[in-house]
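Residue-level structural notes
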Amino acid sequence: MDNLKYTFAVFIFLGVLSCSICLYEDQIGKFDWRQTYVGKLKFAKLDTISTVKKVFVATEENVVAALNLKSGQILWRHVLEKADQGEIQFMDSDDDEIVTVSGGSVVMARSWDPHSGYLNSEWTVTQNTNSRLIDTKWFHFQKQLFQIASVAQSHIAVAAYNVSTGLKISSQEIPVPWIAEDTRCVLAVPYLACLGSVGPDTVLHVISLTGSVVQTKSLSALLEGKVAGELELVGGSKPVVTVTAVGASTKHILLLDANGFKPYPHQLPAESKLFIVPYENSNILLQTSYSEVSLELLGSDLETGEELSDLVGKLKYPNGLGEADIVAAACSPRKDKGRGCRILLATDDHAIALIFHPGKFVWIREEALASIAAVEVLDLPVSDTDAAIEKEFDHKEMDLGVSSGFLGMFVHRLASQMLQLRLLLLTILGLGEPPSAGQRAGLVRDEFGLHKMIIAASSAGKIFGIDNLSGEIIWQHRLENLIPFVDQATGKNHMPFFVQRTTRHFPNPAQCALLLRHKVTGEGVLFVFNPITGQPLAEPGGLIKLGYKVKQTFLLHQPNKEFLRGILLLDSQDNLHVFPESTRNVAASVAATTFIFTADSSSGLLVGYSLALSTKQKLVATRVWEIKLTQGSQHITAVVSKNSIEKVHSQGRVLGDRSVLYKYINPNLVAVLTQGFDPVHKQFLNIYLVDVVSGSVVFSITHKRAREPVHIVHSENWLLYSYFSDKSRRTEIVTLELYEGKVQSNTTAFSSVAAPLQPIVDRQAYILPGMIESMKETVTEKGITSKHILVALASGGILEVPWVFVDPRRPITVTPEMREEGVIPYMPELPMPSDAIINYNQTVQRVKGIHTAPSGLESTCLVFVYGLDLFYTRVAPSKTFDLLKEDFDHFLITAVLLGLTVTSYITKKLASRKALKQAWK
């Protein structure tokens with residue numbers, strides 16, 4: 001019996017061992033990398049008492065985290081609920097705990113362990129539903145959490161809660177009949193300061209929230225009879241506010257107390273940033289003044305206004321960093337006598353920086369990368385040696401006076417190789433020309449096209465050039481007063497990104513253009529730059545102010561003589577423009593076959609334009625068709641076209657009976673998603689496949705009781721989309737595949753203006769046991785490799801789903817012909833094996849998009865995932881069939897080949913000797 005138990009245990013162990021899937025330790029981080037972020041800073045608090053000094057932060061991305069004060073690395077991080085449900089309204093900390101308040105109608109109060117980040121307690125509070133409620137504020141005071149609700153023309157309700165249990169300790173109402181919806185108030189714990197007026201005088205109401213006392217003092221004498229324009233809080237350890245008169249260049253500092261306020265001895269510049277830091281038995285007022293090249297810091301005593309000489313200095317400001325504001329600071333004695341302050345800065349381009357003052361910048365976190373709105377992956381330039389070879393073949397006329405041709409090319413080849421030999425010798429002797437900047441930085445194209453540059457544009461107005469192999473930021477550029485376009489229906493940010501010229505056209509530099517809008521006027525602005533170096537390619541600063549609002553834009557498919565592709569822009573008055581002007585002739589030459597369409601998300605109107613009436617002098621967009629896809633409460637939430645760099649390798653699908661089912665490959669087909677609400681089916685969504693050249697609706701489908709999140713992938717002849725089913729309470733994926741039939745209508749090129757063809761549509765639905773945040777298909781150089789779908793899950797994994805799993809032709813029963821075709825039986829639930837998660841244990845939070853790009857290897861696709869975190873890797877959907885494995889035994893194959901060669905030679909000798917002997921017989 002014991003032997004039987006032992007044998008059974010061994011079998012179980014071997015079974016588990018055989019089913020295990022693992023990743024070798026030396027493979028981690030070899031072809032991928034991950035970077036974690038927290039987002040734009042909202043609250044911050046320094047902890048300089050613990051052994052590991054930290055800074056606690058809460059951000060607009062609904063993240064609570066602790067950063068290492070020395071390095072800026074994330075020690076721990078918690079990502080709260082999405083949107084209003086997880087919006088952080090308040091954060092504070094003390095020695096024992098961190099307190100956060102988040103939520104909308106139902107507020108969630110949490111306390112966290114500051115060292116480990118573990119959740120200590122959690123409780124809810126229902127918000128005040130009074131119709132005259134102005135706003136709600138929170139503060140942490142003497143181990144209690146206070147809620148302040150201001151009710152217009154009535155009172156301020158103050159409630160105190162126990163932080164650990166949520167038990168209401170006390171509540172009171174302070175009568176303030178003068179408060180209104182437009183009253184400017186700031187919370188300076190434990191006071192609430194509000195600007196008001198009594199007759200002609202401007203007054204400041206100071207309300208003690210713990211003592212229920214209201215003090216009102218006039219500001220007329222302080223402001224010299226001027227009207228107060230702004231009331232701002234000064235962060236730090238003391239209740240201090242600033243008041244600035246309308247049109248004034250200076251501001252007044254007021255120290256709040258039980259008697260009202262006490263003014264600071266000096267006035268300060270209105271643009272200066274202030275913060276109060278406790279130091280021993282006094283308080284220090286830190287003041288910063290920003291310029292593009294330097295940051296001036298000044299410390300003074302809060303009570304007397306005396307300048308502290310050891311806290312006066314100027315720091316060199318890092319290039320590309322926005323205007324900074326102090327969000328947290330702490331001062332301590334230095335070894336060499338005097339004071340030193342750690343100052344945490346938050347910039348308007350979402351960066352977080354730590355300064356040790358007096359001293360230097362300790363670290364900088366580029367949190368703008370947590371809000372990427374546009375991405376492109378570009379080839380790097382060739383090396384200097386390859387560039388010389390390309391330059392050789394680029395000459396149309398030889399410098400030696402020999403006409404171009406076979407002889408001229410031969411002579412020039414000899415001359416160039418002699419020059420290369422001379423350069424090699426000079427380099428060996430140390431007398432050659434220095435390599436280019438890109439060569440020195442290692443930014444050159446590799447043999448397999450795997451080394452590329454990632455260009456990421458953030459909604460914060462910052463553009464980054466990132467090395468795809470290491471994740472290192474190579475360059476960055478900040479754009480002031482420019483913001484992305486915002487979809488009115490969905491609220492999503494987007495920035496049209498155009499690659500006008502790649503690095504393949506040496507010696508012409510690569511050129512890209514990014515379209516944004518001006519923050520004030522809303523007019524379009526183009527930023528033109530070199531994607532490899534980040535240098536602007538136009539004056540001033542690469543910015544081209546268009547002077548009109550942009551309605552639609554796209555890139556011409558034909559380049560000019562300098563290999564530059566033009567950008568067509570349709571303004572709000574339906575006038576057509578082209579950039580740059582040197583591409584106008586190209587635009588006019590292809591105008592007869594060029595069409596534009598626009599989609600109004602709110603009205604649901606699609607309009608098509610033709611450029612056939614354009615001339616070289618003037619480009620004209622003529623309206624040729626329009627379709628209204630929505631009615632009532634419906635609106636367009638997505639318009640998805642095919643990938644412009646996608647290549648279709650196979651025109652059809654070979655069936656089991658050896659016949660061919662030809663694909664319906666319409667390059668002008670776009671998928672339009674509309675959503676709406678009706679009282680019967682609640683939420684519903686419609687999918688339309690529209691030919692945007694002719695305006696015809698090729699196919700449409702409706703899903704009842706379906707809602708967001710909805711994600712669409714459109715490629716070749718198929719469409720895949722996901723939605724959340726309210727009826728079944730699950731995520732469902734639908735695939736559509738379009739075919740012409742067994743006879744191809746046009747074997748040369750597809751035409752949208754010919755007689756419309758009604759495609760055959762195969763469809764199927766699947767269940768995915770998880771929430772989807774983004775989806776994207778893989779793309780390769782020639783389109784030969786099988787397509788896989790990359791699915792970003794809410795759990796943080798990136799799932800790779802082969803197309804065969806979501807094939808709409810999967811039948812319930814597979815016939816022998818279908819089995820030969822490679823079709824598998826239909827199962828409604830899609831599997832999620834752990835080895836299909838391409839980021840293994842590298843969790844990627846709040847994914848906003850996935851960008852795929854081809855490499856030089858047909859088998860390999862490059863993947864860049866962006867959201868709150870960044871993740872880069874490469875995938876091989878059909879395995880690396882065009883590349884030898886790393887563990888390939890070169891020595892063995894060489895020995896085998898050498899052995900076969902020697903054997904064949906010996907065999908040949910023996911055979912010839914035998915033949916000779918037989919001939920003499």
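Residues numbered from 1 in each chain as written. Predicted model: local features only at pLDDT ≥ 70, side-chain atom pairs only at ≥ 80, totals over all residues. Heavy atoms only, no water.

Details of the pairing of strand β46 (residues 605-610)
With five of six residues buried, β46 is to be regarded as a mostly interior element. Bridge analysis of strand β45 (residues 595-600) against β46 gives six bridges, and the strand direction is antiparallel. Counted as the bridge partner of F597 is G608 from β46. Remark: four residues form the turn of the hairpin made by β45 and β46, two consecutive strands paired antiparallel; G604 in that turn has positive phi of roughly 75 degrees. Of the pairings in the sheet, the one linking β46 to strand β47 (residues 622-628) comprises six bridges and is antiparallel in character. (Buried < 20%, exposed > 50% of the residue type's maximum accessible area, 1.4 Å probe, protein only. Helix = DSSP H or I, 4+ residues; strand = E, 2+ residues; numbered from the N terminus. Pairing = 2+ DSSP bridges.)

Focus: the state of the cysteines
The tally for this structure, following the rule as stated, stands at two disulfides. Through a disulfide, C185 is tied to C194; the S-S separation comes to 2.1 Å. Given an S-S torsion of about 115 degrees, the disulfide between C185 and C194 has right-handed geometry. The class for C194 is buried, based on a relative accessible area of 0%. Each sulfur of the disulfide joining C331 and C341 lies 1.9 Å from the other. Because the sign of the S-S torsion sets the handedness, a value of about 100 degrees for the bond joining C331 and C341 places this disulfide among the right-handed ones. Taken together, the residues span a long stretch of sequence, with C331 in strand β27 (residues 324-333) and C341 in strand β28 (residues 339-347) at a distance of 10 residues. Exposure class is identical for C331 and C341. Each is buried. Each bonded cysteine of the protein is numbered by sequence order, and under that numbering the disulfide pairs are 1-2, 3-4. The structure places no disulfide on C512, whose sulfur is separated from the nearest cysteine sulfur, that of C861, by 19 Å. A residue is classified by how much of its surface remains accessible, and C512, at 0% relative accessible area, is buried. On the basis of relative accessible area, C861 is assigned to the buried category, the value being 0%. (Disulfide = S-S within 2.5 Å.)

Observations regarding the side chain of D691
By the secondary structure assignment, D691 is in strand β52 (residues 682-691). It turns out D691 is buried and unbridged, and the closest side chain with the opposite charge, K642, is 9.5 Å from it. Here S694 takes part through its backbone nitrogen, which lies 3.3 Å from a polar atom of the side chain of D691. Those residues in contact with D691 that sit more than four places away from it in its chain are W625, N666, N668, L669, S696, V698, F750 and S752. (Lys, Arg positive; Asp, Glu negative; His and termini not counted. Salt bridge = Lys/Arg side-chain N within 4 Å of Asp/Glu carboxyl O. Polar contact = N/O pair within 3.5 Å; in protein donor to acceptor, adjacent residues only side chain to side chain. Contact = heavy atoms within 4.5 Å.)

Observations regarding empty space enclosed by the protein
Under the criterion given, the structure shown has three cavities of 30 Å³ or more. As for the largest cavity, its lining consists of K642, Y664, L669, L689, H714, E716, N717, W718, L719 and L738. Considering only residue class, the lining of the largest cavity consists of six nonpolar, two polar and two charged. (1 Å grid on protein atoms, 1.4 Å probe; cavity = no way out; pocket = protein on both sides within 12 Å on 5 of 7 lines; lining within 4 Å. Points joined across faces, edges and corners; volume = space filled by probe spheres on them. Nonpolar A, V, L, I, M, F, W, Y, C, P; charged D, E, K, R; others polar.)

Some details on the nonpolar core
Ranked by internal contacts, the top residues of the largest apolar core, which has 39 residues, are L344, I372, I454, F864 and L870. If we ignore the near neighbours within four places in the chain, the residues touching I372 are A456, A457, S458, F864, Y866 and L870. Of all hydrophobic cores here, the second largest spans 23 residues; its members include L295, L297, I343 and L345. (Core = buried A, V, L, I, M, F, W, Y, C linked by side-chain atoms within 4.5 Å.)

Notes on unusual backbone geometry
The residue after V189, namely P190, is reached through a cis peptide bond having omega 5 degrees. Mapped onto the elements, P190 comes out in the loop between β14 (185-188) and β15 (191-198). Between F579 and P580 the backbone carries a cis peptide bond, its omega angle lying at -10 degrees. The residue K143 is not glycine, and still its phi comes out positive at about 65 degrees. Among the residues examined, K143 registers a relative accessible area of 47% and is labelled partly exposed. The backbone phi angle of R729 is positive, close to 55 degrees, even though this residue is not glycine. With respect to the secondary-structure elements, R729 resides in the loop between β55 (718-725) and β56 (730-741).

Side note on the sheet that holds strand β63 (residues 870-875)
Taken together, four strands build an open sheet; the order of strands is β1-β63-β62-β61 and the sheet is antiparallel. Each edge of the sheet is formed by a strand with only one pairing partner; in this case those strands are β1 (33-35) and β61 (847-854). Sheet twist, expressed as the mean angle between neighbouring strand axes with direction ignored, is 15 degrees. (Axes fitted to C-alpha atoms, helices over the stretch in contact; angles between N-to-C directions.)

Things to note about the pairing of β27
Sheet topology note: the β27/β28 ladder contains nine bridges and is antiparallel. Each bridged residue has a counterpart across the sheet, and for S332 the counterpart in β28 is G340. With antiparallel pairing between neighbouring strands as the criterion, β27 and β28 make up a hairpin whose turn holds five residues, including K337 at a positive phi of roughly 70 degrees.

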